[in-house]
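One letter stands for each residue in the lines below.
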Amino acid sequence: MPARPLSPETLVLIDALREALARRNDVEERTLFGSYCFFVDGKLCLGVKHGELLVRLPPERHTEFMEMQNTRELSPDGGMQGYFWVEPNGFATREHWQFWLDEALAYNPRAKASPRRKTATKSAGQTKRHSVFDSDL
């Protein structure tokens with residue numbers, strides 16, 4: 001089944017992140033769980049889904065970010081501390097846009113990278129399974 005086309009808002013946001021990260025040589029773009037993500041130094045840093053911005057921030061400041069307008073937790077059950085969706089109104093100004101980029105990039109050196117999953121092979125005659133981390137864009 002082919003993937004759904006990305007909305008114009010999502011494409012603009014992806015291009016804006018590409019432009020903001022263009023000077024870095026440690027950025028990798030991948031799809032992950034229906035989101036278009038930007039990994040910096042091998043760690044999830046920023047992403048886009050349905051015109052919203054995904055930011056990875058310091059978990060110790062989770063409550064502070066949770067109380068900000070136009071943000072919501074990635075995981076409402078609290079299982080993903082430090083991951084937030086920022087609605088378009090939350091990054092509509094240059095100042096707000098830069099705030100989220102700066103916060104995510106400042107935390108990135110301290111963030112832990114998730115290990116890549118090894119490819120599992122099934123017994124003869126069955127197909128090989130790949131992790132979502134193995135998918136190409």
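Details of the structure are given in the entry above.
## A look at the nonpolar core
Residues Leu 17, Leu 46, Leu 53, Val 55 and Trp 100 are the most contacted members of the largest nonpolar core, which totals 21 residues. Elements represented by at least two residues in this core include exactly helix H1 (8-21), strand S2 (35-40), strand S3 (43-49), strand S4 (52-56), strand S6 (83-86) and helix H3 (94-107). Not counting residues within four places of it along the chain, the set of residues in contact with Val 55 comprises Cys 45, Leu 46, Gly 82, Tyr 83, Phe 84, Val 86 and Trp 100. Membership of the second largest hydrophobic core comes to 7 residues, among which are Leu 32, Cys 37, Leu 54 and Trp 85.

## Remarks on the environment of Glu 103
Tracing the backbone through its elements, the reader meets Glu 103 in helix H3. Here Glu 103 falls in the buried class, since its relative accessible area comes to 16%. Through-space distance from the C-alpha of Glu 103 to that of Val 55 is 8.4 Å; in sequence the pair is 48 residues apart. Ignoring sequence-local partners within four residues, the contact set of Glu 103 consists of Leu 57, Arg 61 and Phe 65.

## Focus on the pattern of salt bridges
Scanning the model with the defined rule gives 9 salt bridges in all. Where Glu 52 meets Arg 72, a salt bridge forms, and the shortest distance between an N and an O atom there is 2.8 Å. Of this pair, Glu 52 sits in strand S4 while Arg 72 sits in strand S5 (residues 71-73), placing them 20 residues apart in sequence. One salt bridge in this structure joins Arg 61 and Glu 64, with 2.8 Å as the shortest N-O distance. Three or more residues are tied together by salt bridges with common partners; here these are Asp 15, Arg 18 and Glu 29.

Rules used throughout
- Residues numbered from 1 in each chain as written.
- Predicted model: local features only at pLDDT ≥ 70, side-chain atom pairs only at ≥ 80, totals over all residues.
- Heavy atoms only, no water.
- Core = buried A, V, L, I, M, F, W, Y, C linked by side-chain atoms within 4.5 Å.
- Buried < 20%, exposed > 50% of the residue type's maximum accessible area, 1.4 Å probe, protein only.
- Helix = DSSP H or I, 4+ residues; strand = E, 2+ residues; numbered from the N terminus.
- Contact = heavy atoms within 4.5 Å.
- Salt bridge = Lys/Arg side-chain N within 4 Å of Asp/Glu carboxyl O.

Bear in mind that shape data such as this cannot, by itself, settle questions of function.
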